[in-house]
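Chains, contacts and geometry: an overview
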Amino acid sequence: MPENTSDPQQPRAGLSRETLVVSAGRPAAEHDAPVNPPIHLSSTFHGAGPILPSDRAYGRFTNPTWEELESVIGRLEGTELPALLYGSGMAAVSAVLEQVPVGSVIVMPEHTYLGTMSLARQMQDRGISRLVEVPVEDTDAVIRTLTEQARSLPEPAGPDAEAPYVLLWAESPTNPMMEVADLPALLAAARGLGVHTAVDNTFATPMAQRPLRWGADYVVHSATKYLAGHSDVILGAVVTADAELRRRALAKRSLAGGIAGPFEAWLGLRGIRTLALRVRQATANAQVLAERLSEHPAIAAVRYPGLPGDRGHERAKAQMDGFGSVLSVTLHADAATTEAFVSAVRLWTPATSLGGVESLIERRRRHANEARTVSESLVRLSVGIEDVEDLWADLVQALESVSR
Ligand SMILES: Cc1ncc(COP(=O)(O)O)c(C=O)c1O
């Protein structure tokens, strides 16, 4: 994937993201220095006298092992400002959502990740902000909502209180419906309206999509998924190209303490080295499986933006480098038969989550709080890097076993 040189925020023109994942975040190239950073197990750092912003000082503020991974994620997203690492994707999501001043409005796609949506609902229940759900594929409808909400914001909660704002929270593709938002158009419109913006880029990964270049204030990741990539660690990240936003988020992280362990950060760094290869292989596998599944008589519908007939195809082609490796299929079957299909796989792993090297499969309505607009017979596939023929054969035998 050659670097997009028209992107003003791309670091070091000439270095592709395939190279960055391997070469960034390394110790200084000195004689006999280690090639890989060590794991820094230290809760505090030497120091006396006034603490300067550049000081590490204490292990809740930073850790050298985080810093290596933070620099890789920041550069992949197209900024020289290092990302901020968190103890989970949800800690990263909270870091952005919980910043909204009292009276703010959070606008989210109807099929936002369940945890994020639940957090926004709880904030509404606590009287902090309102939640407005939008059909994210309908660009005009989203912009209309942003315009209306931006016009009707209340006064600040008190004389010293921060003014409320509208936050557009975007996910594209969405989970599990694989809807594609017109991110360049939405982010441009939001900017014009003074609406703050955050994009959860977990599904697409920075290999396929870099929302900062379209003006997103924040990009958020569940680094648990593709970035770490081996289903062995829970991690999150927030990225911004705005130094003031980063300073505020760092101050909040240092105080709130939702930090990552150094060992987890090291695993994340170890995992991200192969991000480009993993994403490429998994995306190629997903394309083949989506095409074959859409021809299979047991399947009623497939949502994957890589399919030319998919509603999001043209949009995804214009704004993404590759279509990702999650797809959803709806079976011609009821919930029980769909569960039986999921249980009949032998190579795929029935489990929640996505973005690991191994292929995972899940009927989404097993989650009690999954949106009612998601069919009882919808199955989400997170396609891994195994041989695609083995993956296909396993799906076929599982479909056959429940069609008899
Ligand atoms: C799109 C998305 N965002 C955020 C999260 C939360 O991440 P974590 O599980 O690392 O807290 C998830 C988890 O599934 C997710 O799929």
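So, here is what we can say about the structure in this document. Starting from 1, residues in each chain are numbered consecutively following that chain's sequence as written. Where totals are concerned, whole chains, interfaces and linings use all residues; where local detail is concerned, this predicted model gives features only for residues with pLDDT of at least 70, and gives and counts side-chain atom pairs only at 80 or more. As a rule here, side-chain values come from all non-hydrogen atoms in the structure, and water together with hydrogens is ignored.

Note on aromatic pairs: the rings of Phe, Tyr and Trp (six-membered ring only in Trp) are paired at centre separations within 6.5 Å, and the planes decide the class, stacked below 30 degrees, edge-to-face beyond 60, tilted for the rest. One pass over the structure, following the stated rule, counts one aromatic pair. Here Tyr-58 and Phe-61 contribute two aromatic rings whose centre-to-centre distance is 5.6 Å and whose plane-to-plane angle is 70 degrees, an arrangement assigned as edge-to-face. Burial classification: accessible surface area is computed with a 1.4 Å probe over protein chains only, and a residue below 20% of its type maximum counts as buried, one above 50% as exposed, and the rest as partly exposed. You can call Tyr-58 partly exposed: its relative accessible area is 35%. With relative accessibility at 30%, the residue Phe-61 sits in the partly exposed group. Both a distance and an angle decide whether a charge sits over a ring: NZ of Lys or CZ of Arg must be within 6 Å of the ring centre and within 35 degrees of the ring normal. Taking the ring centre of Tyr-86 as reference, the NZ or CZ of Arg-253 above it sits at 5.9 Å.

Here a cavity is any set of points on a 1 Å grid over the protein atoms alone where a 1.4 Å probe fits but cannot get out, and a pocket is any open set with protein on both sides within 12 Å along at least 5 of 7 lines; a residue lines the site when it has an atom within 4 Å of a point. Grid points are joined across faces, edges and corners, and a volume is the space filled by probe spheres set on the points. If you walk through the whole model with that rule in mind, you get two cavities of 30 Å³ or more. Its volume calculated, the largest cavity comes out at about 40 Å³. Along its surface, the largest cavity is lined by Tyr-226, Arg-278, Val-279, Ala-282, Gly-355, Gly-356, Val-357 and Ile-385. Throughout the structure description, domain borders are defined by an automatic or database domain assignment. Mapped onto the domain boundaries, the lining of the second largest cavity takes at least three residues apiece from domain 1 (17-272) and domain 2 (275-403).

Further remarks concern the site of the ligand. When we say a residue is near a molecule or strand, we mean one of its heavy atoms is within 4 Å of it. Within the structure, the ligand sits among Ser-88, Gly-89, Met-90, Tyr-113, Asp-200, Thr-202, Ser-222, Thr-224, Lys-225, Leu-235 and Leu-354. Between N or O atoms, a polar contact is any pair within 3.5 Å; within protein, one atom must be a potential hydrogen donor and the other a potential acceptor, and residues adjacent in sequence are included only when both atoms are from side chains. At 2.7 Å, a side-chain N or O of Asp-200 approaches a nitrogen atom of the ligand. One of the side-chain nitrogen or oxygen atoms of Lys-225 is found 2.9 Å away from an oxygen atom of the ligand. Within the complex, 90% of the 390 Å² of free accessible area of the ligand lies under protein. Only Asp, Glu, Lys and Arg are considered charged, only Ala, Val, Leu, Ile, Met, Phe, Trp, Tyr, Cys and Pro nonpolar, and every remaining residue, Gly among them, polar. A class-by-class count of the residues in the shell around the ligand yields four nonpolar, five polar and two charged. Residue burial considers only the protein chains on display, and all accessible areas are found by Shrake-Rupley using a 1.4 Å probe.

Another aspect to go through is the sheet that holds strand β9 (residues 326-331). The mixed open sheet is built from five strands, whose spatial order is β8-β9-β12-β11-β10. The open sheet is flanked by β8 (299-303) and β10 (349-350), the only strands paired with a single partner. Sheet analysis places β9 next to strand β12 (residues 378-382), joined by five bridges and oriented antiparallel. Within β12, the residue paired with Val-326 across the bridge is Ser-382. The criterion used for residue contact is that any of the two residues' heavy atoms lie within 4.5 Å. Every axis corresponds to a line fitted to the C-alpha atoms, with the helix fit spanning only the stretch in contact, and the corresponding angles, defined between N-to-C directions, vary from 0 to 180 degrees. Numbering of helices and strands starts at the N terminus; helices are DSSP runs of H or I of at least 4 residues and strands are runs of E of at least 2. Packing against the sheet, helix α11 (residues 335-343) makes contact with β9, β10, β11 (360-363) and β12, and its axis sits at approximately 165 degrees to β11. Strands qualify as paired when DSSP identifies two bridges or more between them.

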